[in-house]
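If you want the building blocks of each chain, they are given just below.
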Amino acid sequence: MASSGIELLLVSLPQLAMGAGQTLAISALGILFATLGGVLYGVLATLGSRWLNILLQVYLELFRAIPVLVWLYLVFFGLPIFFGLSIPSFWCAVLVLGLWGASEVGEVVRGALQSLPRGQREAGLSIGLGGWQLYAYVLLPQALKRMTPPTINIYTRIIKTSSLAVLIGVVEVIKAGQQIIERTYESVLIYGALFLFFFLVCYPLSAASRVLERRWAHA
Amino acid sequence: MNPLIEFQGFNKFFGQHQVLKDVDLAVQAGEVVVILGPSGCGKSTLLRCLNGLEEAQGGSLRLDGQELLGPDTDWRQVRQRVGMVFQSYHLFGHMSVIDNLLLGPLKVQKRERHEAQAQAEALLARVGLLDKRDAFPRQLSGGQQQRIAIVRSLCMNPQVMLFDEVTAALDPEMVKEVLQVIQGLAREGMTLLIVTHEMAFARAVADRIVFMEAGRILEQNHPERFFTQPQTARAQQFLEKFSFVESLPKTLSKPLHKELS
């Protein structure tokens, strides 16, 4: 049994690896867009414009109140119906994870920027820095320490949530595992492998987040 | 000669509350004006309006003849000509001293690095901190940080310097080193607007004292006249509060006869 289990894993490895590649690709792209969008969100939210803040609040609440799964269905099935736009399921998953992640990362960036003393902004303005220079040279570098640990935690959630993509037909690591189970009925072994996969990807991230949080606690 | 700075009928509100009322103030180039007044009288707000950190609601404010209260004002240009130093220094904590000093000259004024760096180092030497060139703000005392903050403004080659209670957050023994730097600038003929609670310093450094209360200028006078013969009852009261400690009568000691008898 033990040897046949290992044999099965070895035989299934290419298929699992294909799925894992999809999972990692969706996650990496989602994380990329979540980060870029989150920084943009955080900057926009601290400009002090009332209309912009209302707009961002609506965006945030839409992603907080509606489950990611519903967003996936909305984008995957809704876009073709309402806008005649058909996006491959892989990119639907990236889009939804990116938008959802951006709202989460954005709130972290906003909080980190707002926790800086107001004098930093004024000192930057008083030497003639323009808007984007103020953020690029003074505010964002100082907010970085405060926002990095919680942002890494959001990254692990994005990776785990990417498994929902299976429901719009992406053959990511879980779907690949299910296909193997349908063929071999070795559910414990395969889910064990999946367990190990997600743990090995996410644990180093959350450990890094904890270390950074401790190291920068006094900064 | 036209004044370098001129407030006319200047008004400023925070919501419903009017913090500056019809302020008229003209400052000549090279003049050192110290603004005194009780907390909340609007003196800091007046300085902040001159730097565009607060927006005014009415009247006129001219710098070198150019009207600043209008939608066309390029505050980034104005701020390079009007340096400001704050109570809590506000150095950029993630940058070394020299990077703090060079940020404006390099990124805003697009100057040559070697030229800007030479100026920054000369100014650092002048305030006695050249050896702190590569230190980070958190490694410096309050007095050192404040002197660096002054140099950071000076590196922009401003026409005017604004000092907003720059010694209020410092320990007494550090006040002196900062005041000496400001006095040096005054001697060189730089135009200075100073808000402070250091009365002896105000008297020593000012060409003119401006006394404010509740958003208005109540009195403007030569420092000797202001401190010896204030023209308004309110200024007199204000000065009495500061001289109170000096003239405090000695607490009477317990009668000695108990020990003697």
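Only a predicted model underlies this, so the values are computations on that prediction, with no experimental measurement involved.

What counts, and at which threshold
- Residues numbered from 1 in each chain as written.
- Chains lettered and ligands numbered in written order.
- Predicted model: local features only at pLDDT ≥ 70, side-chain atom pairs only at ≥ 80, totals over all residues.
- Heavy atoms only, no water.
- Contact = heavy atoms within 4.5 Å.
- Buried area = accessible area lost by both parts, 1.4 Å probe.
- Salt bridge = Lys/Arg side-chain N within 4 Å of Asp/Glu carboxyl O.
- Helix = DSSP H or I, 4+ residues; strand = E, 2+ residues; numbered from the N terminus.
- Nonpolar A, V, L, I, M, F, W, Y, C, P; charged D, E, K, R; others polar.
- UniProt positions renumbered as here; feature names shortened; annotations may be inferred.
- Phe/Tyr/Trp six-rings, centres within 6.5 Å; stacked < 30°, edge-to-face > 60°.
- Buried < 20%, exposed > 50% of the residue type's maximum accessible area, 1.4 Å probe, protein only.
- Patch = residues over 30% accessible without salt bridge, like charges linked within 9 Å, V, L, I, M, F, W, Y side chains within 5 Å.
- Areas by Shrake-Rupley, 256 points an atom, 1.4 Å probe, with all protein chains shown as cover.
- Pairing = 2+ DSSP bridges.
- Axes fitted to C-alpha atoms, helices over the stretch in contact; angles between N-to-C directions.
- Polar contact = N/O pair within 3.5 Å; in protein donor to acceptor, adjacent residues only side chain to side chain.
- Expected span 1.5 Å × (residues − 1).
- Arc of directions from axis to C-beta.

**A closer look at the interface of chain A and chain B**
Phase 1: Between chain A and chain B, the residue contacts involve 17 residues of the former and 21 residues of the latter.
Phase 2: Summing both partners gives a buried area of about 1,600 Å² for chain A against chain B, and 61% of it is carried by carbon and sulfur.
Phase 3: Among the residues chain A hides against chain B, the three largest losses belong to A:Ser126, A:Ile127 and A:Tyr137. Together they make up 36% of the total.
Phase 4: Taken together, chain A and chain B are joined by one salt bridge.
Phase 5: One salt bridge connects B:Arg48 with A:Glu122, and the closest N-O pair in it is separated by 2.6 Å.
Phase 6: When contributions to the side of chain A that touches chain B are tallied by element, the ones reaching two or more residues are helix 5 (118-126) and helix 6 (131-161) of chain A.
Phase 7: No other element matches the eight residues that helix 5 of chain A contributes to the side of chain A that touches chain B.
Phase 8: When its residues are assigned to classes, the side of chain A that touches chain B shows seven nonpolar, eight polar and two charged.

**Remarks on the UniProt feature "domain: ABC transporter" (unreviewed entry) in chain B**
Phase 1: If you check UniProt for "domain: ABC transporter" (unreviewed entry), the listed places come out as residues 5-239 of chain B in our numbering.
Phase 2: Overall, residues 5-239 of chain B shows 38% helix and 26% strand. The separation of its end C-alpha atoms is 27 Å.

**Considering the packing of aromatic side chains**
Residue and element names in this part refer to chain A.
Phase 1: Throughout the structure, instances matching the rule amount to 14 aromatic pairs over all chains.
Phase 2: Ring geometry for Phe-195 and Phe-199: centres 6.5 Å apart, planes at 5°, overall stacked. Of the two residues, Phe-195 and Phe-199 both sit in helix 8 (residues 187-215), four residues apart, roughly one turn of that helix.
Phase 3: Residue classification places Phe-199 among the partly exposed positions, given a relative accessible area of 42%.
Phase 4: Pairing Phe-199 with Tyr-203 gives two aromatic rings, centres 5.1 Å apart and planes at 10°, and the pair type is stacked. Here Phe-199 pairs with Tyr-203, and both are found in helix 8, just four residues apart, close to one helical turn.
Phase 5: Classification of Tyr-203 by relative accessible area gives partly exposed; the value is 42%.

**Quick look at a nonpolar patch on the surface**
Phase 1: A cluster of nonpolar side chains, A:Tyr73, A:Phe77, A:Ile81, A:Phe82, A:Phe83, A:Leu85 and A:Leu167, forms an exposed patch at the surface whose accessible area comes to about 800 Å².
Phase 2: Take A:Phe82: it is sitting in helix 3 (residues 68-83).

**Topic: the sheet that holds strand 9 (residues 208-213) of chain B**
Residue and element names in this part refer to chain B.
Phase 1: Taken in spatial order, the six strands make up an open sheet running 6-7-8-3-9-10, and their pairing is mixed. Strands at the two margins of the open sheet, each flanked by one partner only, are strand 6 (82-85) and strand 10 (216-221). The sheet shows a mean angle of 20° between the axes of neighbouring strands, taken without regard to direction.
Phase 2: In terms of strand pairing, strand 3 (residues 32-36) meets strand 8 (residues 191-195) through four bridges, oriented parallel. Within strand 8, the residue paired with Val-33 across the bridge is Leu-193.

**As for the side chain of B:Thr191**
All names here are of chain B.
Phase 1: The topology assignment puts Thr-191 in strand 8.
Phase 2: A relative accessible area of 3% places Thr-191 in the buried class.
Phase 3: Polar contacts involving the side chain of Thr-191 include one to the main-chain amide nitrogen of Gly-30, which spans 2.8 Å.
Phase 4: Non-local contacts of Thr-191, meaning those with residues more than four positions away in its chain, are made with Leu-4, Val-27, Gln-28, Ala-29, Gly-30, Glu-31, Gln-159, Val-160 and Met-161.

**A word on the UniProt feature "domain: ABC transmembrane type-1" (unreviewed entry) in chain A**
Phase 1: According to UniProt, the "domain: ABC transmembrane type-1" (unreviewed entry) feature falls on residues 20-206 of chain A.
Phase 2: The annotated region residues 20-206 of chain A carries 83% helix and 0% strand content, and the separation between its end C-alpha atoms amounts to 20 Å.

**Description of helix 2 (residues 50-65) of chain A**
Residues and elements named next belong to chain A.
Phase 1: With 16 residues, helix 2 extends 22 Å between its outermost C-alpha atoms, agreeing within 8% with the 22 Å of an ideal straight helix rising 1.5 Å per residue.
Phase 2: Along helix 2, the residues that are buried comprise Leu-56, Leu-60 and Phe-63. Down the axis of helix 2, the buried set is contained in an arc of 65°. They therefore lie on one face. What points out from helix 2, more than 90 degrees from its buried face, is the exposed set Arg-50, Trp-51, Leu-55 and Ala-65.

**Observations concerning unusual backbone geometry**
All names here are of chain B.
Phase 1: Phi at Asp-22 is positive, roughly 55°, even though this residue is not glycine.
Phase 2: Its location among the elements puts Asp-22 in strand 2 (residues 17-27).
Phase 3: Positive phi, close to 55°, is recorded for Asn-157, a residue that is not glycine.
Phase 4: Looking at the element boundaries, Asn-157 is found in the loop between helix 5 (142-154) and strand 7 (160-164).

**A look at the UniProt feature "transmembrane region" (unreviewed entry) in chain A**
Phase 1: Under the feature "transmembrane region" (unreviewed entry), the UniProt entry names residues 29-47, 54-75, 81-102, 123-140, 152-176 and 188-206 of chain A.
Phase 2: Across residues 54-75 of chain A one finds 91% helix and 0% strand; the C-alpha atoms that close the span lie 23 Å apart.

**As for the pattern of salt bridges**
Phase 1: All chains considered together, the criterion is met by 18 salt bridges over all chains.
Phase 2: A salt bridge links B:Arg234 to B:Glu213; its shortest N-O distance comes to 2.1 Å. In this pair, B:Arg234 sits in helix 9 (residues 233-243) while B:Glu213 sits in strand 9, placing the two residues 21 residues apart along the sequence.
Phase 3: Taking the relative accessible area as the measure of exposure, B:Glu213 reaches 22% and is therefore partly exposed.
Phase 4: One salt-bridge network, held together by shared partners, links A:Arg118, A:Glu122, B:Lys12, B:Arg48 and B:Glu54.

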